Amino acid sequence: MSTALEQRQEPFPQVVITGDLRLAVTESEAAHGPITGHYSIETRQMQEPLQVYWGAEGQVCNRQARATDIAFEMPQAQAGQSWIYPVQAQVTDQRTSIVTGVFVQILVTADTLPRVSASA
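Per chain, the residues get numbers from 1 upward, laid out in the order the sequence is written. In keeping with the predicted nature of the model, local features appear solely for residues at pLDDT of at least 70, side-chain atom pairs appear and are counted solely at 80 or more, and the whole-chain, interface and lining totals rest on all residues. In computing side-chain properties, one takes all heavy atoms of the structure into account and sets aside hydrogens as well as water.

1. Quick look at the side chain of threonine 26
Heads up, the rule is: Helix and strand definitions here come from DSSP, where helices need a minimum of 4 consecutive H or I residues and strands a minimum of 2 consecutive E residues; each element is numbered from the N-terminal end. Using a 1.4 Å probe on the protein chains alone, a residue whose accessible area is under 20% of its type maximum counts as buried, one over 50% counts as exposed, and one in between counts as partly exposed. Residues adjacent in sequence count toward polar contacts only when both atoms are side-chain atoms; beyond that, a polar contact is any pair of N or O atoms within 3.5 Å, and within protein one must be able to donate a hydrogen and the other to accept it. Contacts are residue-level and defined by heavy atoms, with any inter-residue pair within 4.5 Å sufficient.
For threonine 26, the position within the fold is in strand β2 (residues 22-26). Of the residues examined, threonine 26 reaches a relative accessible area of 18% and is grouped as buried. Side chain to side chain, threonine 26 and serine 28 meet in a polar contact 3.3 Å long. Sequence-distant contacts of threonine 26, that is, excluding residues within four places in its chain, are made with Val108, Thr109, Ala110 and Asp111.

2. Describing the pattern of salt bridges
The following threshold applies: What counts as a salt bridge is simple: a side-chain nitrogen of Lys or Arg found within 4 Å of a carboxyl oxygen of Asp or Glu.
Following the criterion strictly, the structure yields one salt bridge and no others. For glutamate 48, the salt bridge identified is with arginine 66, shortest N-O distance 2.4 Å. Here glutamate 48 is found in the loop between β3 (35-44) and β4 (51-56), whereas its partner arginine 66 is found in the loop between β5 (59-60) and β6 (67-72), with 18 residues between them in sequence. Judged by relative accessible area, glutamate 48 falls into the exposed class, the value being 52%. Exposure remark for arginine 66: the relative accessible area of 40% places this residue in the partly exposed category.

Now the structure itself:
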């Protein structure tokens, strides 16, 4: 049974980052330049207009958009490695400012599958 106070409370404002949180790339893909992921925000209980500012350990394409691509450099990446990059977004409305973040995991795989020899 809920109380009158619980019924009057509105949910707290929230910001969630969605997108390519786990990526798998080959060694040659990583060697040919940055690996790009796509990220966006979802908000709850925040009012327009919103100001958005992205930050990352990578090249953010559009720092003030609700959705953006982020390019991650992976110099000398080798198969079996797992690279972790932080991504943050600060979202502000007229009443509040929220900073949230996620970690992006990029797994490096071998370029080709190992050959299996058939035995007679």
